[in-house]
Amino acid sequence: MEWNDQELNRYLEENCDPQPEHLLQIERDTYLNTVLPRMLSGNNQGRFLSLLSKLISPKRVLEIGTFTGYSALCLAEGLAEGGKVITLENNPELKTRVEKNLSLSPLGERIEVVWESALDYIPTLEPGLDMVFIDADKVNYPNYFKLCLPLLKQNGLMIADNVLWSGKVMDPKEKDEDTRALREFNKLVSGEKSLQKIMLPLRDGIFLALKK
Ligand SMILES: C[S@@+](CC[C@H](N)C(=O)[O-])C[C@H]1O[C@@H](n2cnc3c(N)ncnc32)[C@H](O)[C@@H]1O
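Residues numbered from 1 in each chain as written. Predicted model: local features only at pLDDT ≥ 70, side-chain atom pairs only at ≥ 80, totals over all residues.

Q: Where do I start with the site of the ligand in this structure?
A: Taken together, 18 residues form the shell around the ligand, and within it Met39, Ser41, Gly65, Phe67 and Ser71 come nearest. Here the residues of the shell around the ligand are counted per class, giving eight nonpolar, seven polar and three charged. (Near = placed C-beta within 6 Å. Nonpolar A, V, L, I, M, F, W, Y, C, P; charged D, E, K, R; others polar.)

Q: Just checking my understanding: could you explain helix α8 (residues 177-191) for this structure?
A: Think of an α-helix as turning once every 3.6 residues; residues three or four places apart then point the same way. Compared with an ideal rise of 1.5 Å per residue, which puts 15 residues at 21 Å, α8 spans 21 Å between its outermost C-alpha atoms and is within 8% of the ideal. If you check which residues of α8 are buried, you get Leu182, Arg183, Phe185, Asn186 and Val189. Angular distribution of buried residues about the axis of α8 spans 160°; they occupy a single face of the element. Exposed residues pointing more than 90 degrees away from the buried face of α8 are listed as Glu177, Lys187 and Gly191. Summarising the contacts, the buried residues of α8 are in contact with α7 (141-148), β5 (152-161), β6 (195-200) and β7 (206-211). (Helix = DSSP H or I, 4+ residues; strand = E, 2+ residues; numbered from the N terminus. Expected span 1.5 Å × (residues − 1). Buried ≥ 20, exposed ≤ 12 C-beta atoms within 10 Å, placed from the backbone. Arc of directions from axis to C-beta. Contact = placed C-beta atoms within 7 Å.)

Q: What is the right way to look at the pairing of strand β3 (residues 111-114) in this model?
A: Consecutive residues of a regular strand have side chains that alternate between opposite faces of the sheet. Residues Ile111 and Val113 point to one face of β3 and are all buried, whereas Glu112 and Val114, pointing to the other face, are not buried. With four bridges connecting them, strand β2 (residues 84-88) and β3 associate as parallel partners. In the sheet register, Leu88 faces β3, and the bridge partner there is Val114. After leaving β2, the chain enters helix α5 (residues 95-102) and then returns to the sheet as β3, a path that is right-handed. (Pairing = 2+ DSSP bridges. Right-handed = clockwise from strand over helix to strand, strands pointing away.)

Q: So what exactly am I meant to see when it comes to the sheet that holds β3 here?
A: Adjacent strands of a sheet form backbone hydrogen bonds with each other and so pair up, either parallel or antiparallel. In space, the seven strands of this open sheet follow the order β3-β2-β1-β4-β5-β7-β6, with mixed pairing throughout. Of all strands in the sheet, those bounded by a partner on one side alone are β3 and β6. Taken pair by pair, the neighbouring strands of this sheet meet at an average axis angle of 15°, ignoring direction. Bridge count between strand β1 (residues 60-64) and strand β4 (residues 129-134): four bridges; the pairing is parallel. In the strand pairing of β4, Ile64 is matched with Ile134. Relative to the sheet, helix α3 (residues 43-56) contacts β4 and β5, its axis offset from that of β4 by approximately 170°. (Axes fitted to C-alpha atoms, helices over the stretch in contact; angles between N-to-C directions.)

Q: What am I meant to see in unusual backbone geometry here?
A: Excluding glycine, residues mostly have negative phi values, and the peptide bonds linking residues are mostly trans. Of note, Asn162 is a non-glycine position whose phi angle comes to about 65°, a positive value. In this fold, Asn162 is placed in the loop between β5 and α8. On the basis of neighbour counts, which here come to 22 C-beta atoms within 10 Å, the residue Asn162 falls in the buried class. Here the phi dihedral of Ser166 falls at roughly 55°; this positive angle occurs in a residue that is not glycine.

Q: Before we go on, may I ask you to explain the environment of Ala136 in this structure?
A: Along the polypeptide, Ala136 turns up in the loop between β4 and α7. Given 23 C-beta atoms within 10 Å, Ala136 falls into the buried group. Between the alpha carbons of Ala136 and Ile159 there is a distance of 12 Å; along the sequence they are 23 residues apart. The contacts of Ala136, once residues within four sequence positions are left out, are Ile64, Gly65 and Ala118.

Q: Looking at this structure, I do not really get the nonpolar core. What am I missing?
A: In terms of nonpolar packing, the biggest core is built from 51 residues, with Leu75, Met131, Val132, Ile159 and Ala160 touching the most fellow members. Sort the elements by how many residues they give to this core and helix α4 (residues 70-76) lands first, with six residues. (Core = buried A, V, L, I, M, F, W, Y, C linked by C-beta atoms within 7 Å.)

Q: How should the pairing of β4 be read in this particular structure?
A: Counting buried positions along β4 yields six of six residues, so the element is predominantly enclosed. The sheet contact formed by β4 and β5 spans five bridges and is parallel. Note that in β5 the partner of Val132 across the bridge is Met158. Handedness of the β-α-β unit built from β4, α7 and β5 comes out right-handed.

Q: What is the right way to read the packing of α7 against α8 from this model?
A: It is the contact of α7 with α8, at a shortest axis distance of 8 Å, that shows an interaxial angle of 30°. When the interaxial angle is binned, α7 and α8 end up roughly parallel. On α8, the residues that touch Tyr141, Pro142 and Phe145 of α7 are Ala181, Leu182, Glu184, Phe185, Leu188 and Val189. (Parallel < 35°, antiparallel > 145°, perpendicular 65-115°, else oblique.)

So far we have only geometry, and geometry alone does not tell us how the molecule works.
Written out as structure tokens, the structure is:
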């Protein structure tokens, strides 16, 4: 059977839970006031992240790439008591917007935003992460993989967004550095024996990898 992406996406959205009001507000504000609003996860993917978090009930979640705070709030939905999300963002221009957005939900108090480059900050973290969501600069995906894998707990989940990169990863004619890095990342994940993994064609492609 064939379908076009728009049709499929409309159907997926129709059958997905609606996003909570605070996330709808953040989505609207992001589309009105930021330059690349499509970076935001959106309803389908956000509900997926929330569901994964509720299945795991994590104590420690690391997100790489906060943007306007949408996905951090989704990941926080399943936190265990006393748990928190650390989210990394290196664009200080987003600070006022992120603070305002996180204050829209009580979950915002369980999110720590670190305004540093992820490559500098991740090596300072203690091991024992329950979830990692990789969603920042594509060129560094292989580095994020290498830095985060040893920090993940047994049964910890690594999630990576944009792994299909609009299909470019499958097209040998595409040779830009983001596409190359994503291909390398996908290879690293799929070849890693300590992980049970599956790539899903949700939105721009999501890799899920559980540490055995
Ligand atoms: C795709 S957006 C994140 C979207 C967000 N996770 C969501 O779903 O709503 C990627 C973000 O990563 C940030 N970023 C890029 N390189 C980074 C780095 N080296 N360290 C920390 N953040 C970075 C960008 O400024 C951008 O806001």
